[in-house]
Amino acid sequence: MRRRPAPGRRALPRRPAALLLALGVVLTLLAAGPALASSYRYWSFWNGADGRWAYATTGPSTARPGDGTVQGFRFAVSKETGDQQAQPRTPADFEAVCGSTAPAEGRKRVALVIDFGTPEDAPAGDAPPQGAPRTACAQVAPDATAAEALASVAKPLRYNGAALLCAVSGYPRQGCGEPMEDAPAATGAPEAAPPGDAGDAGGPSAGLLAGVAAVIALAAAAIWQSRRRTR
């Protein structure tokens, strides 16, 4: 027989109570999560047109630029995706880079601007191989990616396991998209990837998501059990 609430008091339904408890635990987990890194040191990828740069929405290993396009690469410390302070320091000008390169049948011309950045953005113990940005006109197959165009003029390239571009012409010698010291990463977390590239550092960690999922599962089990008892 179901027990009735005492006069003057209204019983809180068991299902909403369980859901409120689960929500409270989830919010606690989110608040206790590690602070996300606010800046990264990495090679960013840009699309150029009419002398201007726009942050690329795809990585160089998947982008397939057309003939007559301009692609830019810049090594810098970026605080957010598409940070305009981290764009290549040379205007996106196809004619200035490829104007003297004659078209070839079965090939496309891609103007490349490779900016190694400033000494202030270099990792400790390393330095940019040159101060001014390097330009090159790559002649590659019609279906070549931006990464293949870059490799044709600026070897060696280095990538990490997530296909993130780590080094161009061997620079930098070590590292790949590390969060800066003023933004600690979670202990034991996999190597961070900067925003806008192969990975996304803007969401909660996998461990936190697993914890949230576990809490939700426990809440669902509690609701199911309470429904059985009230039948």
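Just above sits the structure.
This report concerns the structure included in the present document.

Rules used in this analysis
Note that residues are indexed from 1 along each chain, following the sequence as it is written. Side-chain atom pairs in this predicted model are given and counted only at pLDDT of 80 or more, local residue features only at pLDDT of at least 70, and totals for whole chains, interfaces and linings cover all residues. The basis for every side-chain value is the complete set of heavy atoms in the structure, and neither hydrogens nor water enter the calculation. Working definition: helices are DSSP H or I runs of at least four residues, strands are E runs of at least two. Numbering for both runs from the N terminus. Whether a residue is buried, partly exposed or exposed follows from its accessible area with a 1.4 Å probe, protein chains only, as a fraction of its type maximum: under 20%, in between, or over 50%, in that order. The term salt bridge refers to a pairing of a side-chain nitrogen on Lys or Arg with a carboxyl oxygen on Asp or Glu at a separation within 4 Å. Any two strands are treated as partners once DSSP identifies two or more bridges connecting them.

Moving on, we come to unusual backbone geometry. Along the chain, lysine 155 connects to proline 156 via a cis peptide bond; the corresponding omega equals -5 degrees. Inspection of the secondary structure puts proline 156 in the loop between helix H3 (146–151) and strand E6 (158–159). Omega for the bond connecting tyrosine 171 with proline 172 falls within 30 degrees of zero, at -5 degrees, which places this linkage in the cis form. Residue aspartate 50 is not a glycine yet carries a positive backbone phi of 55 degrees. Within the secondary structure, aspartate 50 is located in the loop between strand E1 (40–49) and strand E2 (52–55). Looking at aspartate 50, the relative accessible area reads 80%, which means it is exposed. One non-glycine residue, serine 169, lies in positive phi territory at about 50 degrees. Locating serine 169 in the fold gives a position in the loop between strand E7 (165–167) and strand E8 (178–179).

Right, let's get into the environment of serine 39. Inspection of the secondary structure assignment puts serine 39 in the loop between helix H1 (14–32) and E1. Spatially, the C-alpha atom of serine 39 lies 5.8 Å from that of methionine 180, the residues being 141 residues apart in sequence.

Attention now moves to the pattern of salt bridges. Tallying each qualifying case throughout the model produces three salt bridges. Linking aspartate 115 and arginine 89 is a salt bridge whose minimum nitrogen-to-oxygen distance equals 2.7 Å. Placement of the pair is aspartate 115 in strand E4 (residues 108–115) and arginine 89 in the loop between strand E3 (69–78) and helix H2 (94–98), with a sequence separation of 26 residues. Of the charged contacts in the structure, one is a salt bridge between aspartate 126 and arginine 173, with a shortest N-O distance of 3.3 Å. In this pair, aspartate 126 sits in the loop between E4 and strand E5 (134–140) while arginine 173 sits in the loop between E7 and E8, placing the two residues 47 residues apart along the sequence. You can call aspartate 126 buried: its relative accessible area is 16%. One continuous salt-bridge network, built from bridges that share partners, spans Arg74, Arg89 and Asp115.

Going residue by residue along E2, you find Trp53 and Tyr55 tucked away on one face and Arg52 and Ala54 left uncovered on the opposite face. Note that E1 and E2 share four bridges and pair antiparallel. Following the sheet pairing, glycine 48 is matched in E2 by tryptophan 53. Where E1 folds back on E2, the antiparallel hairpin that results is connected by two residues, among which aspartate 50 adopts a positive phi of roughly 55 degrees.

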